[in-house]
Amino acid sequence: SSASPKAASAQVRVDQVGYLPNEAKHAYVLAPATVHSATFAVTDQSGHTALSGKVGTTNRGKWNTAYPGVYDITFSTLTTPGRYRITVSGDVSATSPYFDVASANALYGKLLGDGVTFDQVQRDGSDVIPGALNRKAAHHNDAKANVYATPHFQSDSDVITDSDLKKIGGPVDVEGGWFDAGDYLKFTHTAAYNDVLL
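Notes on the structure follow. (Residues numbered from 1 in each chain as written. Predicted model: local features only at pLDDT ≥ 70, side-chain atom pairs only at ≥ 80, totals over all residues. Heavy atoms only, no water.)

### As for the nonpolar core
Counting residues in hydrophobic clusters, the biggest one holds 24 residues, and the most contacted among them are Phe40, Val42, Ile73, Phe75, Ile86, Val88 and Phe99. Within the residue set of this core, elements represented by two or more residues are strand 2 (26-31), strand 3 (38-44), strand 5 (69-74), strand 6 (82-90) and strand 8 (99-101). Sequence-distant contacts of phenylalanine 99, defined by excluding residues within four places in its chain, comprise Val14, Asp15, Tyr19, Val42, Phe75, Gly82, Arg83, Tyr84, Arg85 and Ile86. (Core = buried A, V, L, I, M, F, W, Y, C linked by side-chain atoms within 4.5 Å. Buried < 20%, exposed > 50% of the residue type's maximum accessible area, 1.4 Å probe, protein only. Helix = DSSP H or I, 4+ residues; strand = E, 2+ residues; numbered from the N terminus. Contact = heavy atoms within 4.5 Å.)

Put into structure tokens, the structure is as follows:
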């Protein structure tokens, strides 16, 4: 007999950073098929069961083609600090990585520190913070920048079609700030992420 292709194994997704003791806590079963009946157990590192219950049966929507079913595990009543993992059994079987339930400082302190360090490395201008990269001040000319009218662009492009830029003001001091503020991902995405952490 020929073996049929093996379906993807179920997975349990947890918050990799961890959970605060009194916050709402959710994990998700990523399933390769519909889950009608499954239970979960939250165990500590010694294997003691701290909490158990039923996996939700409402499909939250497809994760990807390998996991067309996503099912909620709610374990908000787990408030005791510690290191845990979740084991699911029933229609699917899976075990999560270990995660922590701990104070805000324990969970987010290092992340916030790393975020501040990252932002400091990006800082520019005469008051640059050397940081881990031993940065030197750059973009000194930005302290006396001219202001130009918004140019015209090719349709759906960043190519300027004007023969020359039209100066309308300045000089203004725009020294400092983000080292490469022209890069949308570097500034907008990372600044938003740090705002969420804070």
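### What to know about unusual backbone geometry
Across the junction of glycine 170 and proline 171, the peptide omega takes the value 0 degrees, indicating a cis bond. Note on placement: proline 171 falls in strand 11 (residues 167-172). The phi dihedral of histidine 139 falls on the positive side, at around 55 degrees, and the residue is not glycine. As for its placement among the helices and strands, histidine 139 is situated in the loop between strand 9 (123-124) and strand 10 (145-148). Despite not being glycine, aspartate 156 has its phi angle at roughly 55 degrees, a positive value. With respect to the helices, strands and loops of the structure, aspartate 156 is situated in the loop between strand 10 and strand 11.

### As for the packing of aromatic side chains
By the definition in use, this model includes 4 aromatic pairs. Here phenylalanine 75 and phenylalanine 99 contribute two aromatic rings whose centre-to-centre distance is 5.6 Å and whose plane-to-plane angle is 55 degrees, an arrangement assigned as tilted. Taken together, the residues phenylalanine 75 in the loop between strand 5 and strand 6 and phenylalanine 99 in strand 8 connect sequence positions 24 residues apart. With relative accessibility at 1%, the residue phenylalanine 75 sits in the buried group. Seen from their ring centres, tyrosine 84 and phenylalanine 99 are 6.3 Å apart, and the 35 degrees between their planes marks the pair as tilted. With a gap of 15 residues between them, tyrosine 84 in strand 6 and phenylalanine 99 in strand 8 connect regions that are remote in the sequence. Each member of the pair, tyrosine 84 as well as phenylalanine 99, is classed as buried. Grouping aromatic residues by their ring pairs yields a cluster made of Tyr19, Phe75, Tyr84 and Phe99. (Phe/Tyr/Trp six-rings, centres within 6.5 Å; stacked < 30°, edge-to-face > 60°.)

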